[in-house]
Amino acid sequence: QSALYIPQTPAQVLKWHLQVHGLPTNICEDEVEMYFESRKRSNGGELEDMEFNPSTGTALLRFVDQSVVDSVCSKEHTLKSVPLNVCHYQPPPVQDHSPSPSAGEANLFWIQVTGLLKSIDIPMLEMYFENKRRSGGQEGCVKRVKFGLSPGVAHIAFDDQGVADRVCSRQQCLLKQLLKVKRYVPEDETAMKKKVLVSGFNNKDDADMLE
């Protein structure tokens, strides 16, 4: 399986300074924030922003003073007797967990999901949309998951049209975030490569010259 990396814009790369993994399940957002704002306990400082995900035990941190980032990373961290993994933030790659292209892909039924939080990754999407109680999906029916180029967008392929339709007919909510879900028809990649965008025409006569 391969991971396709699409370069992020500078604004996206600099959004977060650190990522934290291994947070205990019995901790609240305020405790995490206070810990990393304590110079004495974490080598940190005032946080400008934080994204806390209790279900995965992770957090993304952005400090007001970026100079504290290296000192936080150099320290061993423990919260409620649980060791934490703290490292520099790395933007997630756009991954494709699909098998090699085959004739069977013509029988996939795609949906488009929008409104996803930044902390949601492909394994979480697979688990959610294969959980019949939560999403209306079905175990083993998700065959491909790809993040779109726009933030918060993913495309998911099912091998059963009925399951795809059922998922689209239900209200979807992941990590307390309402999602918009609709059927999606992927454009042929070969056809996309042959398209050329031409702009700057002033009137119809200019455009007619291309024909």
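Residues numbered from 1 in each chain as written. Predicted model: local features only at pLDDT ≥ 70, side-chain atom pairs only at ≥ 80, totals over all residues. Heavy atoms only, no water.

Spatial ordering of the open sheet is given by E3-E4-E2-E6-E5, a layout of 5 strands whose pairing is antiparallel. At either margin of the open sheet sits one strand with a lone partner, and together these are strand E3 (47–53) and strand E5 (77–79). The mean angle between the axes of side-by-side strands here comes to 25 degrees, regardless of whether they run parallel or antiparallel. Bridge count between strand E2 (residues 18–21) and strand E6 (residues 82–88): 4 bridges; the pairing is antiparallel. The residue bridging His-21 from the neighbouring strand is Asn-85, located in E6. Packing of helix H2 (residues 29–36) onto the sheet brings it into contact with E2, E3, strand E4 (58–63), E5 and E6, and relative to E3 it is tilted by some 140 degrees. (Pairing = 2+ DSSP bridges. Helix = DSSP H or I, 4+ residues; strand = E, 2+ residues; numbered from the N terminus. Axes fitted to C-alpha atoms, helices over the stretch in contact; angles between N-to-C directions. Contact = heavy atoms within 4.5 Å.)

Moving on to the packing of aromatic side chains. How two aromatic rings sit relative to each other is given by the distance of their centres and the angle of their planes. This model, assessed by the stated rule, comprises 3 aromatic pairs. Between the aromatic rings of Tyr-35 and Phe-36, the centroid separation amounts to 4.9 Å while the plane-to-plane angle is 90 degrees, which identifies the pairing as edge-to-face. Pair check on accessibility: Tyr-35 and Phe-36 agree, each one buried. Through successive ring pairs, a cluster of aromatic residues spans Tyr-128, Phe-129 and Phe-158. (Phe/Tyr/Trp six-rings, centres within 6.5 Å; stacked < 30°, edge-to-face > 60°. Buried < 20%, exposed > 50% of the residue type's maximum accessible area, 1.4 Å probe, protein only.)

It is worth spelling out the pairing of strand E9 (residues 142–147) at this point. When E9 meets strand E10 (residues 153–158), the two strands line up antiparallel, connected through 5 bridges. Paired with Phe-147 across the bridge in E10 is Ala-154. The antiparallel hairpin formed by E9 and E10 contains 5 residues in its connecting segment, where Gly-152 sits at a positive phi of about 75 degrees.

A side chain of one charge can pair with a side chain of the opposite charge if their charged atoms are brought near each other. This model, assessed by the stated rule, comprises 4 salt bridges. When the shortest N-O distance is used, the salt bridge between Glu-31 and Lys-80 registers 3.4 Å. Of the two residues, Glu-31 is situated in helix H2 and Lys-80 in the loop between E5 and E6; the sequence distance between them amounts to 49 residues. A relative accessible area of 40% places Lys-80 in the partly exposed class. The shortest N-O distance in the salt bridge between Asp-165 and Arg-183 comes to 2.7 Å. (Salt bridge = Lys/Arg side-chain N within 4 Å of Asp/Glu carboxyl O.)

Our focus in this paragraph is unusual backbone geometry. One non-glycine residue, Ser-81, lies in positive phi territory at about 65 degrees. Mapped onto the elements, Ser-81 comes out in the loop between E5 and E6. Even without being glycine, Leu-175 reaches a positive phi, approximately 55 degrees. Structurally, Leu-175 is set in the loop between strand E11 (172–174) and strand E12 (177–184).

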